[in-house]
Amino acid sequence: MDRFVIRGGAPLAGVIPVSGSKNAGLPIPVAAAILGTTDSRITNVPELQDIHTMARLLRHLGSPVEVGDGVLDIGAADSLNVEAEYDLVRRMRASIYVLGPLLARFGEARVSFPGGCAIGARPVDIHLRGMEALGASIEVEHGFIIAKATKLRGADMSLMGPQGTSVGATANVMMAAVLAEGVTTIRDAAVEPEVADLAGCLTAMGARIEGAGTRTIAIEGVGELHGADYALPPDRIESASYILAGAITRGDIRVRGAERRHLGAVLGKLTEADIWLDWEGKDVRVTVPNGIRSVDVDTGVYPGFPTDVQAQYMGLMCMAQGKARIVENIFTDRFMHALELQRMGADIQINGNVATVTGVDRLTGAPVMASDLRAGMVLVLAGLAAEGETVVSRVYHIDRGYERIEEKLRAAGADIQRVSD
Ligand code: EPZ
């Protein structure tokens, strides 16, 4: 397994480019491969492990998917295997995205129940509730979700769950409803930008969707969908992560190709923390002329502060002047990174879903372990800011969601090397 060896202390300087969105780049190829009756081409595709895993899953179903340099060429298929087996699904929760489109196009789907992961329980009850509302029968046998429907019928449903709405379930139900008979109304839909981008691709394929990106989405089913060409948007979580890299090292960097309108809550909190953010088009210059202020954050569904930036933000608060209260409202167990940051000298008290971070003057390098994608990223950021050497192990978590991370950081002056065992 690979590790990152980081020698910290140098302020970053230079340009860090943003890649295409992982969380748009997972459902969109699924929609194109399973629902499209003609070929599709997806561009601005990041070179990520999760993208390759999804391509493998689609090929396993029988869809001819070619992963090129930033491009996914997806051939149409008249019929597909409708079973997504455990070995592929266990690697990536987003595999559940094949459920809705397989059900809509072929009337059946057998998807292994996705396992949990390091950030807590990852139920799919809202996904299944949505499919049942569209008329599917759902059974769970031997770890498989078995969904069947002779023809899906449009329905009026809410996707509200105990932790609020669900991004994945909104995407899954949308991909099923586009071929259902009649009109579907999805209430309490997720409004994350990735949902609007999926709707954009489905619309380009001939779907009839109104309201994507708002809490209520109306979908009029059609007979079939053709393929489409679609460019992925920039990754808003990667953008936020590199803005925080500039801030935590008190550097002077430009994050290139970011979508400002997708980053509102993060930009607001960083400005309160006295991080200076100067925009020129899609580029943002990050500087820290004074100290870093401690500012409280509550994560929430979009447009609230993203749970996927919580870990990286905690890293910044470790270096701030004061106490910051961070409340994680989306996932039940998303503070694993705090234990590793404490090994680097951070002062963090955890009480349930509340972390109280008292800033310290310096972090010191240490051997640490990534437990999930975003926890891994904050350990890299802390290593860049810490004195001495930090070794981050299990970087395969990071490779799932950050394209060429060590190259991008080295180009901005970071001392980071990938070491293979
Ligand atoms: C998507 O996951 C993202 N993944 C996650 O990013 C992100 O953290 C999450 O949305 C929230 O924004 C992708 O887009 C591939 P949810 P998803 O369904 O769809 C509960 C990253 O780091 N829930 O919106 O799985 C769930 O347990 C990843 O890039 C149910 O109770 O998230 C959670 O508490 C991590 N029942 C909350 O809702 C369900 O059926 C939000 O989950 C589904 C979800």
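Residues numbered from 1 in each chain as written. Predicted model: local features only at pLDDT ≥ 70, side-chain atom pairs only at ≥ 80, totals over all residues. Heavy atoms only, no water.

Enquirer: Teacher, can you tell me more about the overall build of the chain here?
Expert: Counting its regular elements, the chain contains 14 helices and 24 strands. Against the globule reference of 22 Å for 421 residues, the chain gives a C-alpha radius of gyration of 21 Å, in line with a compact fold. With the C-alpha coordinates aligned to their principal axes, the bounding extent of the chain is approximately 65 × 45 × 40 Å. Of all 421 residues assigned to the chain, the portion counted as buried reaches 58%. The contacts in the chain between residues at least 6 apart in sequence include a share of 74% that link residues at least 24 apart. When the accessible surface of the chain is totalled, it reaches about 15700 Å², and 47% of it is carbon and sulfur. (Helix = DSSP H or I, 4+ residues; strand = E, 2+ residues; numbered from the N terminus. Rg over C-alpha atoms; globule rule 2.2 N^0.38 Å. Buried < 20%, exposed > 50% of the residue type's maximum accessible area, 1.4 Å probe, protein only. Contact = heavy atoms within 4.5 Å. Areas by Shrake-Rupley, 256 points an atom, 1.4 Å probe, with all protein chains shown as cover.)

Enquirer: I keep staring at the pairing of strand β23 (residues 389-393) and nothing clicks. Help me out?
Expert: Two faces make up the sheet, and in a regular strand the side chains alternate between them. The buried fraction of β23 amounts to four of the five residues, a majority that puts the element mostly inside the structure. Note: strand β1 (residues 2-7) against β23, five bridges, orientation antiparallel. By the bridge assignment, Ile6 is partnered in β23 with Thr390. Summarising the sheet, strand β22 (residues 367-369) and β23 pair through three bridges and their orientation is parallel. (Pairing = 2+ DSSP bridges.)

Enquirer: Is there a simple way to think about the site of the ligand in this case?
Expert: Close contacts around the ligand come from 24 residues, with Arg93, Asp125, Ser166, Asp308 and Ile330 the closest. With respect to the ligand, the side chain of Ser166 contributes an N or O atom lying 2.7 Å from an oxygen atom. Here the ligand loses 91% of its free accessible area of 830 Å² to cover by the protein chains. Contributing elements (two or more residues each) for the shell around the ligand: α5 (125-133), α6 (167-177) and α12 (373-385). Looking at which element gives the most residues to the shell around the ligand, the answer is α5, with three residues. Broken down by class, the residue content of the shell around the ligand amounts to eleven nonpolar, six polar and seven charged. (Near = heavy atom within 4 Å. Polar contact = N/O pair within 3.5 Å; in protein donor to acceptor, adjacent residues only side chain to side chain. Nonpolar A, V, L, I, M, F, W, Y, C, P; charged D, E, K, R; others polar.)

Enquirer: I'm lost on the sheet that holds strand β4 (residues 65-67) in this one. Help?
Expert: Hydrogen bonding along the main chain pairs the strands of a sheet, whether they run parallel or antiparallel. Ordered in space as β4-β5-β3-β14, the four strands form an open sheet in which the pairing is mixed. Because the sheet does not close on itself, it has two edges, and the strands there are β4 and β14 (229-231). On average, each strand axis in the sheet is inclined to that of its neighbour by 15°, with strand direction left out of account. Judged from the three bridges that link them, β4 and strand β5 (residues 71-74) form a sheet pairing that is antiparallel. Following the sheet pairing, Val65 is matched in β5 by Ile74. Sheet contacts for helix α1 (residues 27-35): β3 (40-43), β5 and β14; angle to β5, the most-contacted strand, approximately 20°. Strands β4 and β5 of the sheet are contacted by helix α2 (residues 49-61), whose axis makes an angle of about 155° with β4. (Axes fitted to C-alpha atoms, helices over the stretch in contact; angles between N-to-C directions.)

Enquirer: So what exactly am I meant to see when it comes to the nonpolar core here?
Expert: In a soluble, globular protein the nonpolar side chains are often hidden away together inside. Ranked by internal contacts, the top residues of the largest apolar core, which has 80 residues, are Leu35 and Leu202. Among all residues touching Leu202, those that are not within four sequence positions of it are Ala31, Leu35, Met174, Met175, Val178, Ala207, Ile209 and Leu225. If you look at the next biggest cluster of nonpolar residues, it comprises 73 residues, including Leu341, Met344, Ala370 and Met377. (Core = buried A, V, L, I, M, F, W, Y, C linked by side-chain atoms within 4.5 Å.)

Enquirer: Sorry, what's going on with the sheet that holds strand β20 (residues 347-351) here?
Expert: The four strands are arranged β18-β19-β21-β20 in an open sheet whose pairing can be described as mixed. Here the strands that pair on one side only, and so sit at the sheet edges, are β18 (297-298) and β20. Direction of pairing for β20 relative to strand β21 (residues 354-358): antiparallel, over a ladder of five bridges. In the sheet register, Asn351 faces β21, and the bridge partner there is Val354.

Enquirer: Is there a simple way to think about the pairing of β5 in this case?
Expert: Pairing geometry for β3 and β5, over four bridges, is antiparallel. The partner of Ser40 across the bridge, within β5, is Ile74. Where β4 folds back on β5, the antiparallel hairpin that results is connected by three residues, among which Gly70 adopts a positive phi of roughly 80°.

Enquirer: Explanation requested: the pattern of salt bridges in the structure shown.
Expert: Applying the stated criterion across every chain, the model contains 25 salt bridges. Across the salt bridge formed by Lys408 and Glu238, the nearest N and O atoms sit 2.6 Å from each other. One end of the pair, Lys408, is in helix α14 (residues 405-410); the other, Glu238, is in helix α8 (residues 236-248), and 170 residues separate them in sequence. Residues Lys408 and Glu238 agree in their burial class; the two are buried. The partner of Arg293 in a salt bridge is Asp274, and the shortest N-O contact between them spans 4.0 Å. With Arg293 in the loop between β17 (283-287) and β18 and Asp274 in the loop between α9 (264-272) and β16 (276-280), the pair connects residues that are 19 residues apart, well separated along the chain. (Salt bridge = Lys/Arg side-chain N within 4 Å of Asp/Glu carboxyl O.)

Enquirer: What am I meant to see in the packing of aromatic side chains here?
Expert: For any pair of aromatic rings, the description consists of the separation of the ring centres together with the inter-plane angle of the planes. For the coordinates displayed, the defined rule picks out two aromatic pairs. A ring pair is formed by Tyr242 and Tyr402, whose centres lie 6.4 Å apart and whose planes are at 80°; its orientation type is edge-to-face. Note that Tyr242 is positioned in helix α8 and Tyr402 in the loop between α13 (396-399) and α14, a separation of 160 residues in sequence. Judged by centre distance (5.4 Å) and plane angle (65°), the ring pair of Phe305 and Tyr313 falls under edge-to-face. Cation over ring: Arg110 sits above Phe144, and NZ or CZ is 5.7 Å from the ring centre. (Phe/Tyr/Trp six-rings, centres within 6.5 Å; stacked < 30°, edge-to-face > 60°. Lys NZ or Arg CZ within 6 Å of the ring centre and 35° of its normal.)

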